[in-house]
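Next come the chains, spelled out residue by residue.
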Amino acid sequence: MAKGARKDAKKGIYILILMAYKGKFGRNDPCWCGSGKKYKKCHLNRSSEPPVPYHQLATDLRGLRAGDKLCLHPPNPSPCKNRTIRAHSISRNAALAKIARAGKVYQPNSDPFEIAKGYGKIRHSLVGINSATTFTGFCGTHDNALFKPIDEGNLLLTKEQALLLHYRALCRELYVKRPTLLTNELLKDLDRGKSEYVQQHLHGLVAARSIAIGDAIERMEVDKAACDRAILTGYYEEISGSVFSFRRMPTLACSGLTQPIYDFAAKILQKINDMNKPLLNLSFTLLPNDSGGIAAFVWLRHAESVCRPFVSSLLAVPDNRKSDALVQLVFDSFENHAAQPDWWENLSIEAKSDLGERMLNWTDIRPINNRALVVGDQRFADWGFESASWIGVP
């Protein structure tokens, strides 16, 4: 969506809601919600309608979240039409098997029914490594061939490996985000049985969120196209990043994409409410390797102004607290992670509570807290930080 269109859309949303709130809509006027129906056939009596049962909403959400099951391999020359598989977004053999106990790891369960059972909390449960962190984003042929350099052997973090780590995280996030526009529309039905004020406020939030989601998808599509070109040509100069090495195996594995809003020193890096600038992407991968483990931050060159300062702020964290900082980052920003069972089960009640609260930052119910990544008194892990280096040059 163009910058001007975004601003006009957002302005239009608030004008419509303001008019509705002031009672400027007649019974035969088009409804303020944008459905195309007359007001009397849409929201006139919405406050007296029965609320949507949660099980119905959760079932619909679960169905839409399944994704389109199209292979995301770079078009060469046309998109792949092979049947997709449950591909691992975190390598089963190179990572999950190393932190598993009896073939299982702990993974957050974001299923709507499970969240309801937990009274809104996102809980971890044991999952077999054959099904953990999978998504139907690649066919078997392309998944095996494309990611072989990062799934077999020791990770040295060459530019090619860095690109592939970034590409896997980007594709997985794009796979998850594309259906989100549809699931977001379902939230409009939550206004049934609510007051007119709540109805208008909810629709305003949903409409604004749709714009934000659309912008995020558009930015990811642009980034994917750049990565597609790099993969097909073998030219990796658009890649920048940093890799942190640890002497001991990390007790978490993670692969995800985020848009850093704040850093480890509470500095704001991007303004989430600035409709004129798309948020820039950073991928993060935490994996065990032959000498302990690595944490890789990777981005495309156009994101230097945000991503390099973000990583620099982690470099400034004391070495004996860098592991704690990374645990906070994983739970604050990434749903796609797996935890070593013994580590997770032996965490203190206070530590688990802290991490559980951080997972709520994935949702839209929490205001932005720019101090979320600042290390405090709580200790989570110590993997023995060894060194850090840059990939590419500014």
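Residues numbered from 1 in each chain as written. Predicted model: local features only at pLDDT ≥ 70, side-chain atom pairs only at ≥ 80, totals over all residues. Heavy atoms only, no water.

### Digging into a positive patch on the surface
- A cluster of basic residues, R27, K38, K40 and K41, forms a positive patch at the surface.
- Take K40: it is sitting in the loop between α1 (3-21) and α2 (54-64).
- Classification of K40 as partly exposed rests on a relative accessible area of 33%. (Patch = residues over 30% accessible without salt bridge, like charges linked within 9 Å, V, L, I, M, F, W, Y side chains within 5 Å. Areas by Shrake-Rupley, 256 points an atom, 1.4 Å probe, with all protein chains shown as cover. Salt bridge = Lys/Arg side-chain N within 4 Å of Asp/Glu carboxyl O. Lys, Arg positive; Asp, Glu negative; His and termini not counted. Charge placed at Lys NZ, Arg CZ, Asp CG, Glu CD. Helix = DSSP H or I, 4+ residues; strand = E, 2+ residues; numbered from the N terminus. Buried < 20%, exposed > 50% of the residue type's maximum accessible area, 1.4 Å probe, protein only.)

### Some words on the confidence of the model for the protein
- Summing up the model confidence of the protein, the mean pLDDT is 87 and the portion of residues at 70 or higher is 86%.
- Every residue in residues 1-22 is under pLDDT 50, and counting partners more than four places away or in other chains gives 31 contacts. (pLDDT = per-residue confidence, 0-100. Contact = heavy atoms within 4.5 Å.)

### Digging into the environment of A102
- Locating A102 in the fold gives a position in the loop between α3 (92-99) and β2 (104-109).
- Judged by relative accessible area, A102 falls into the exposed class, the value being 79%.
- Note: C-alpha distance between A102 and I129 (27 residues apart in sequence) is 9.6 Å.

### Concerning the packing of helix α7 (residues 159-177) against helix α9 (residues 196-233)
- Orientation of α7 relative to α9, taken along the N-to-C sense of each, is 145°, at an axis distance of 10 Å. Here the hand of the crossing between α7 and α9 comes out left-handed. Contacts between α7 and α9 involve L163, L164, H166, Y167, L170, C171, E173, L174 and K177 from the former and I213, I217, M220, E221, D223, K224, C227, D228, A230 and I231 from the latter.
- Classifying every residue of the contact of α7 with α9 gives 12 nonpolar, 1 polar and 6 charged. (Axes fitted to C-alpha atoms, helices over the stretch in contact; angles between N-to-C directions. Left-handed = near helix turned anticlockwise from the far one by under 90°. Nonpolar A, V, L, I, M, F, W, Y, C, P; charged D, E, K, R; others polar.)

### Some details on helix α11 (residues 322-333)
- With 12 residues, α11 extends 16 Å from end C-alpha to end C-alpha; this agrees with the ideal 16 Å at 1.5 Å per step.
- Buried residues dominate α11, accounting for 11 of its 12 residues.
- Here α11 has its buried residues at K322, S323, D324, A325, L326, V327, Q328, L329, V330, F331 and D332. (Expected span 1.5 Å × (residues − 1).)

### Some details on the packing of α11 against helix α13 (residues 349-359)
- Axis separation between α11 and α13 bottoms out at 6 Å; the angle between their running directions is 45°. Here α11 lies oblique to α13, going by the angle between them. Handedness of the α11/α13 crossing: right-handed. Note on element contacts: α13 touches α11 through L355, R358 and M359, opposite V327, Q328, F331 and D332.
- Classifying every residue of the contact of α11 with α13 gives 4 nonpolar, 1 polar and 2 charged. (Parallel < 35°, antiparallel > 145°, perpendicular 65-115°, else oblique.)

### Comments concerning the packing of aromatic side chains
- If you walk through the whole model with that rule in mind, you get 14 aromatic pairs.
- Ring centres 5.2 Å apart and planes at 85° place the aromatic pair F138 and F147 in the edge-to-face group. Here F138 matches F147 in class, with each residue buried.
- For the ring pair W343 and W344, a centre distance of 6.2 Å and an interplane angle of 50° mean the geometry is tilted.
- Residue class for W343 comes out buried when judged on its relative accessible area of 10%.
- Feature note: the residues F244, F246, F264, F284, F297, F310, F334, W383 and F385 constitute an aromatic cluster, connected by ring pairs.
- Seen from the ring of F147, R168 lies directly overhead, with NZ or CZ sitting 4.2 Å from the centre. (Phe/Tyr/Trp six-rings, centres within 6.5 Å; stacked < 30°, edge-to-face > 60°. Lys NZ or Arg CZ within 6 Å of the ring centre and 35° of its normal.)

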